[in-house]
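Chain residues, written in single-letter form:
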Amino acid sequence: MTCCDQYTGLMLGERIVFNGLNSEEMFSSEITPLPELAPGEILVKVRLASICMSDVHTVKGQRIEPTPSVLGHEAVVEVIAHRRPESDLIKGDRLTFSIADSCNKCEFCLKGLQQKCTKLFKYGHAKLSDGSGFNGCYASHIIIRHGTHVVKIPGTISDRCAAPINCSLGTTMCAMEFVPKIKNGRAFVQGDGILGLYTSAALLELGYDTVYCSGTHTQRSEFIARFGAIPLYNDEIIAEETNKIDVVVEACGVSAVINDGLKLLKPGGLYLFLGMVHPHSQLNITGEQIIRKCLTIKGVHNYAPRHLDQAVDFLLKTIDKYPYEEVMGPTYNLSDLPIAMKVSMEKIYARVLVKPNMT
Amino acid sequence: MAHAHQITYPISGVRTVFNGLNSETMFVAQTASLPELALGEILVKVRLASICMSDVHTITGQRIEPTPSVLGHEAVVEVVSHRRPESDLAVGDRLTFSIADSCGQCEFCLAGFNQKCVQLFKYGHAKLSDGSGYNGCYATHIIIRRGTHVVKVPQTISDRCAAPINCALATTMCAMEYVPKIKNGRAFVQGDGMLGLYTCAALREYGYEIVYCSGTRLQRSPFIDRFGAIPLYNDEILAEEMNKIDVVVEVCGVPNVVNDGIRMLKPGGLYLFVGMVHPNSKLDITGEQIIRKCLMIKGTRSNNFNNKMPHISFHLGIHNYASRHLDQAVQFLEKTINKYPYEELMGPTYNLSALSDAMKIAIDKKHGRILVNPNTSIESN
């Protein structure tokens, strides 16, 4: 059932507009007609969105996004109508979609770094005035643009498991592209949020023998174990494993952990930086530390279309192996977005979910 | 020619012993007998040594080396005799040799941790009491150990050009291993010393279209140009090239250039850290800068110890990692010997007895390298 504007026969959609921290009303609901589709576009309804920590940072002022805008970039959506005649999309298909809309022609797209397209557009990070304005997941609908890669969600993956695919899991797959397959590999994941848990599972699946995972939420330790890693809250193990770890992954957004990571890495080891996507990430390291152990540091931001495919495949393959459903938290209505944000901030759950009011 | 036991013992050589900064005489010339060779060893005379900046750091106290020792690790040498029967070495062969020597057999070597080898040895960085004591290039002779990779130096390469191969040029080859081949590639080399100039040439030979090189010595700019790069002393160009550089190479040892380098890099670009091998290298960067541009930072050192492609030396089956960089260095130099002004970069030559003077001149950094000829009877070609 869709809401139609009784005067024009156009469909209506609802979106929660973020007006910025200093405005009277940080979030305001807007019901407005959905525009007609341009070639290549897809009109989807949002089945279930999840609140990514970067949105929490925006709402707390630690991150600046253009305003007014519709936030939210993680969601599983459903096709209502589309103008991609060469595709096999049909109404009712459940999809995940790339956060990044890219041109596929520029230097970065051509070398597989579509997330840095010169004409980059990011859902949940775009001004209302950009395109249709139905640009974020805290809404009833999204207009998916013609440069956006989409992937169908198999029936065995529930909405709750599917929602975070297009940010957390896509990013994890991108990070994994740099991880070497090492016999008896040892890894250390710094961060027990959803990114850390997904990364732990991915490392196990790649064949890593020992994966440690550290974080600040001791209540997560049971989940860490169920995602295949050894919970690490203990400095003794860190001392024992000095110079023995093949891969360290920073997935917590905190720069203070970097020195530990450098100490743990074996000579020739790899450090992946995923989480520190904010200015308060000053590193306290020397060039010498990197050179003496011949280390590689790789920054991973978002992902490319192929990683979305890999994410869906990965989830499909391991859906019964790891407790994806159980790490998800409660679901809130769109109109309760401010409450959902507050609960997210508490970080009790890996993800808090949001469901649109209109269907 | 197989065995080459053509010399009669006893035979002695002269070595300049470094006693440390706090001793009365920092350098003392010592005449000492050369021991008979063990299996796998090569007795060489030093034709020409060059003074690497790391030795300058040692004598200015910025770097600690064991003492007493013979410093000097860059040299072109000549075979006097050898015990490598399976090799094709002949008396009189000019050689370059790998600086770091590991056994290839202990638990650390086998696990790929060569730099923790129980018998790790580095020429020019070893105590006098280690092995023969003829362990460094500021001497008339060196005893090359059985695990050390050696490469013959072709005739077309003079001694002056050959001396720095086994440190500066091999290090450059090691760094180049990580550089991707990029169409219309743009690079930025931070540092106009030997490493910087060699790196500029190597990038051009690899197909990079535009290579900038920056440094602190304006007098180097004609050399930068002749090594194929565009001298960069100008912040305007830095601003224009922001986000446009594929590869930045830090070869100056100074951490405050790193922020510029990160700004210049294109998303997905590569930063090679080569020079900052000392503790005063605190970086002033954020994790965000690295993540947002999806950058890769790679630390490399001379005689990089890593697991890939172990090279099995032809003798005694001993693994010697990264000896391929020495091979590549000689090949690179042979191929480009007439293209770049390698010879002109080199400064004056001093006798072994004038080593202290030579060091002082090296500190001034006027020349790419200062040379030392311990065997003045040899006519360096």
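Residue indices follow the written sequence of each chain, beginning from 1 at its first position. Think of it this way: whatever chain is written first is A, whatever ligand is written first is 1, and the rest follow in order. Restriction of local features to residues with pLDDT of at least 70 applies here, the model being predicted, together with a cutoff of 80 or more for giving and counting side-chain atom pairs; totals for whole chains, interfaces and linings are based on all residues. To obtain the side-chain values, all non-hydrogen atoms of the structure were used and water was disregarded.

Chain B appears in an unreviewed UniProt entry as Enoyl reductase (ER) domain-containing protein from Rotaria socialis. UniProt positions are given in the numbering used here, feature names are shortened, and annotations may be inferred rather than shown by experiment. Among the UniProt annotations of chain B, the heading Sequence similarities (unreviewed entry) holds the following wording: "Belongs to the zinc-containing alcohol dehydrogenase family." For chain B, the Cofactor (unreviewed entry) comment in UniProt is given as "Zn(2+)".

Looking at an unreviewed UniProt entry, one finds chain A named Alcohol dehydrogenase and attributed to Rotaria socialis. Quoted verbatim from the Sequence similarities (unreviewed entry) field of the UniProt record, the comment on chain A reads "Belongs to the zinc-containing alcohol dehydrogenase family." UniProt, in its Cofactor (unreviewed entry) section for chain A, records the words "Zn(2+)".

Asker: Where do I start with the sheet that holds strand 1 (residues 11-18) of chain B in this structure?
Answerer: Residues and elements named next belong to chain B. Strand order in the open sheet formed by 3 strands is 2-1-4, with antiparallel pairing between adjacent strands. Edge strands, defined here as strands with exactly one partner in the open sheet, are strand 2 (27-34) and strand 4 (69-70). A pair of strands is labelled paired if DSSP reports no fewer than 2 bridges between them. Helix and strand definitions follow DSSP, with helices as H or I runs of at least four residues and strands as E runs of at least two, each counted in order from the N terminus. Sheet topology note: the strand 1/strand 2 ladder contains 8 bridges and is antiparallel. Looking at strand 2, one finds that T16 is bridged to A29.

Asker: Sorry if this is basic, but what is going on with a negative patch on the surface here?
Answerer: The grouping of D235, E236, E240 and D260 of chain A at the surface amounts to a negative patch. Residue placement: D260 of chain A occurs in helix 8 (residues 258-264). Distance thresholds for patches are 9 Å for like charges and 5 Å for nonpolar side chains (Val, Leu, Ile, Met, Phe, Trp, Tyr), applied to residues having over 30% relative accessible area and no salt bridge. Exposure was quantified through the Shrake-Rupley algorithm and a 1.4 Å probe, taking into account, for residues, occlusion by the shown protein chains and nothing else. Counted as salt bridges are all cases of a side-chain nitrogen of Lys or Arg within 4 Å of a carboxyl oxygen of Asp or Glu. Here the positive residues are Lys and Arg and the negative ones are Asp and Glu; neither His nor the chain ends is included. By convention, the point assigned to a charge is CZ for Arg, NZ for Lys, CD for Glu and CG for Asp.

Asker: Can you help me understand the packing of helix 4 (residues 168-176) of chain A against helix 10 (residues 305-318) of chain A in this one?
Answerer: The geometry of a pair of packed helices is captured by two quantities: the angle between their axes and the separation between those axes. Residues and elements named next belong to chain A. Fitting a line to C-alpha atoms yields each axis, with helices limited to the stretch in contact; the angle taken between N-to-C directions then spans 0 to 180 degrees. One way to put it is that helix 4 packs onto helix 10 with a least axis distance of 8 Å and a crossing angle of 105 degrees. Between helix 4 and helix 10, the interaxial angle falls into the category roughly perpendicular. Where helix 4 abuts helix 10, its residues L169, G170, M173 and C174 lie against H307, Q310, A311, F314 and L315. The classification used treats Ala, Val, Leu, Ile, Met, Phe, Trp, Tyr, Cys and Pro as nonpolar, Asp, Glu, Lys and Arg as charged, and all other residues, Gly among them, as polar. Per-class residue counts for the contact of helix 4 with helix 10 are 6 nonpolar, 3 polar and no charged. Working definition: roughly parallel below 35 degrees, roughly antiparallel above 145 degrees, roughly perpendicular at 65 to 115 degrees, and oblique for all remaining angles. Every residue pair with non-hydrogen atoms within 4.5 Å of one another is taken to be in contact.

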